[in-house]
Amino acid sequence: MPTVGLISLGCAKNLIDSEVMIGHLAEAGMALTPDPELADVLIVNTCSFIDMAKRESIDAVFGAVNARGDDPRRARQKIIVAGCLSQRFATELPGIMPEVDAFIGLDQITKVAPIIENLLGIGAASHPTGDATDDPRDFVTLKPRYVPDYDTPRFRLTPRHHAYVKIAEGCNHTCSFCIIPKIRGRHRSRTQESVVREVEALVRSGVREINLISQDTTYFGMDQWQGERPRPDSPVDSSRGESLCTLLRAINAIEGDFWVRLLYTHPAHWSDELIETIAACPKVAKYVDIPLQHISERMLVAMRRVTSGSHIRDLLRRMRAGIPGLGIRTTFIVGFPGETEEDFEELLDFIREFRFERAGVFQYSKEEGTLAHKMSGHIHHATRKRRWSQAMAELQRIAAETNQAQVGRRVRVLVDQPGVARTQWDAPEIDGSVVVDPAQPVGGFAEVTIGDWRGYDLVAAR
């Protein structure tokens, strides 16, 4: 059987796709290696969300192609390009990358083993065909429909004590700056039973942190409601059927010592019921990731965010009042086409007013295939950079004051590695950490008192 290597790029959602591919390869009896030099087949699972990620993915692919040409030991190595880059540019990549042996999209991650067998001419396995081009190397289907299940073979690449759980795939929003719906298709939820069974198995295996992810976590279950299809700005309502509220309550009832974290929620779908559910469930981390992107009414309309500035402000106030000890993470885009100095100043005032515990800023990235790509009024790169610097300076000032306010407080942390832990306000790979006694057991919870802080990180008192 062949030996397979994999390079995984991009977000946690892409990481799960890599884990599913590895799980199916292992189930098929294929050997896995972290060393590309030893691989008979090398898979590059790519990202294509923004231009920077696209360039990183292209560099990784051509890096693998060049390494194969320079190293006689890799002369017969097969290279497969997977993930969002393949899906987004399904019709273009075969012509641009003739050195690549196969292109697979999001619907092929469970079929990677027979595709490899076909490439190597081993076995008699049938293999899927794509509909993007007539190129025999192209296995991509243009409209992805796949969504994982609780029993999907998967080999986790995260530390033993924390895991990501993808509760849905795709997105129904049409934000003018975003290419994701065109890449990953329409929103499709797993069943609540499927998610709960996966979480139960993870907790039994020793996982202490469950991170729920999808393109739009708050829309979970709503695509399965009977009757009228929910509008893009519909709030969560568990009386209509399964929802994020019913899912969180079911996960909270699972036995074990763990916390569950919400990532990638959309402000349009929040409701008082969801706020009350989070407040009432002790295992749900009092941390919410809610990308807001802007606050100016003009910008929200131009971005097609189906929310208003007044809705966002009212929602944040209700969240703060209804969930004691809540930490809010958000992101903003500056330099979007047509953004005026007045729009930007309104954003700065908003940041100063709501003092988000965790936040980041992106400069607008002009992406072909999006509605914003064809808009007029694109902002000069120097202006975008200046606005990014100003917004980041405000966020850094607030972060310093937030961390200073933590000094002297007793907090529960999850130990990630010797001497490094995280609070419930800190998502893995995204937020800050807590410096703790190296003797604290890795993968367990600990109670510490915050004695100091450095940058974005806290330091526990000894």
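Definitions and cut-offs
- Residues numbered from 1 in each chain as written.
- Predicted model: local features only at pLDDT ≥ 70, side-chain atom pairs only at ≥ 80, totals over all residues.
- Heavy atoms only, no water.
- Helix = DSSP H or I, 4+ residues; strand = E, 2+ residues; numbered from the N terminus.
- Rg over C-alpha atoms; globule rule 2.2 N^0.38 Å.
- Buried < 20%, exposed > 50% of the residue type's maximum accessible area, 1.4 Å probe, protein only.
- Contact = heavy atoms within 4.5 Å.
- Phe/Tyr/Trp six-rings, centres within 6.5 Å; stacked < 30°, edge-to-face > 60°.
- Pairing = 2+ DSSP bridges.
- Right-handed = clockwise from strand over helix to strand, strands pointing away.
- Polar contact = N/O pair within 3.5 Å; in protein donor to acceptor, adjacent residues only side chain to side chain.
- Axes fitted to C-alpha atoms, helices over the stretch in contact; angles between N-to-C directions.

## Concerning the overall build of the protein chain
Phase 1 of the analysis: Secondary structure assignment for the protein chain yields 13 helices and 18 strands.
Phase 2 of the analysis: A compact globule built from 462 residues would reach a C-alpha radius of gyration of about 23 Å, and the protein chain, at 23 Å, matches this within 12%.
Phase 3 of the analysis: Overall, the protein chain is about 60 × 55 × 50 Å in size when its C-alpha atoms are taken along their principal axes.
Phase 4 of the analysis: With 462 residues in all, the protein chain has 56% of them scored as buried.
Phase 5 of the analysis: Taking all contacts inside the protein chain whose residues are at least 6 apart in sequence as the whole, residues at least 24 apart take part in 75%.

## Regarding unusual backbone geometry
Phase 1 of the analysis: Positive phi, normally seen in glycine, also occurs at Tyr-264, with a value near 65°.
Phase 2 of the analysis: Residue Val-306 is not a glycine yet carries a positive backbone phi of 45°.
Phase 3 of the analysis: Along the chain, the position of Val-306 falls in the loop between helix H10 (297–302) and helix H11 (309–322).

## Notes on the packing of aromatic side chains
Phase 1 of the analysis: Tallied over the full model, the rule gives 7 aromatic pairs.
Phase 2 of the analysis: Consider the rings of Phe-350 and Phe-354, whose centres lie 5.0 Å apart with planes at 50°: the pair is tilted. Here Phe-350 pairs with Phe-354, and both are found in helix H12 (residues 341–354), just 4 residues apart, close to one helical turn.
Phase 3 of the analysis: Relative accessible area serves as the criterion here: at 0%, Phe-350 is assigned to the buried category.
Phase 4 of the analysis: Arranged with centres 6.3 Å apart and planes meeting at 25°, the rings of Phe-354 and Phe-356 form a pair that is stacked.

## Some details on the pairing of strand S9 (residues 209–213)
Phase 1 of the analysis: For S9, the buried fraction is high: 5 of the 5 residues fall into the buried class.
Phase 2 of the analysis: Residues of S9 alternate between two faces, with Glu-209, Asn-211 and Ile-213 on one and Ile-210 and Leu-212 on the opposite face, all of them buried.
Phase 3 of the analysis: Sheet analysis places S9 next to strand S10 (residues 259–262), joined by 4 bridges and oriented parallel. Each bridged residue has a counterpart across the sheet, and for Leu-212 the counterpart in S10 is Leu-262.
Phase 4 of the analysis: With respect to chirality, the unit in which S9 leads through helix H8 (residues 244–252) into the neighbouring parallel S10 is right-handed.

## What about the sheet that holds strand S5 (residues 102–103)?
Phase 1 of the analysis: Taken together, the 5 strands give an open sheet; going across it, the order is S2-S1-S3-S4-S5, and neighbouring strands pair in parallel fashion. Unpaired on one side and paired on the other, strand S2 (31–33) and S5 mark the two borders of the sheet.
Phase 2 of the analysis: Judged from the 6 bridges that link them, strand S3 (residues 41–46) and strand S4 (residues 78–83) form a sheet pairing that is parallel. Counterpart to Val-44 in the pairing with S4 is Val-81.

## Quick word on the environment of Leu-157
Phase 1 of the analysis: Counting through the fold element by element, Leu-157 comes out in the loop between helix H5 (112–120) and strand S6 (162–166).
Phase 2 of the analysis: Note on Leu-157: relative accessible area 39%, which makes it partly exposed.
Phase 3 of the analysis: Ignoring anything within four residues of it in the chain, the contact list for Leu-157 reads Leu-15, Ser-18, Glu-19 and Ile-22.

## Section: the environment of Gly-69
Phase 1 of the analysis: Following the sequence through the fold, Gly-69 ends up in helix H2 (residues 51–70).
Phase 2 of the analysis: On the accessibility criterion, Gly-69 (66% relative accessible area) is exposed.
Phase 3 of the analysis: For the pair Gly-69 and Gly-335, spaced 266 residues apart in sequence, the C-alpha to C-alpha distance is 41 Å.

## Comments concerning the side chain of Thr-218
Phase 1 of the analysis: Residue position: Thr-218 is located in the loop between S9 and H8.
Phase 2 of the analysis: Reaching out from Thr-218, the side chain makes a polar contact with the side chain of Asp-216 at a distance of 3.1 Å.
Phase 3 of the analysis: When neighbours within four sequence positions are excluded, Thr-218 is seen to be in contact with Val-236, Leu-244, Thr-265, His-266, His-269, Trp-270 and Leu-274.

## Remarks on the sheet that holds strand S13 (residues 358–363)
Phase 1 of the analysis: One open sheet holds the 6 strands; their spatial order is S6-S9-S10-S11-S12-S13, and the pairing between them is parallel. A strand with exactly one partner marks an edge of an open sheet, and here the two such strands are S6 and S13. Going from strand to strand, the sheet's axes swing by 20° on average, the running direction of each strand aside.
Phase 2 of the analysis: Relative to strand S12 (residues 327–334), strand S11 (residues 284–289) runs parallel, the two sharing 3 bridges. The partner of Asp-289 across the bridge, within S12, is Arg-329.
Phase 3 of the analysis: Strands S12 and S13 of the sheet are contacted by helix H13 (residues 381–406), whose axis makes an angle of about 175° with S13.

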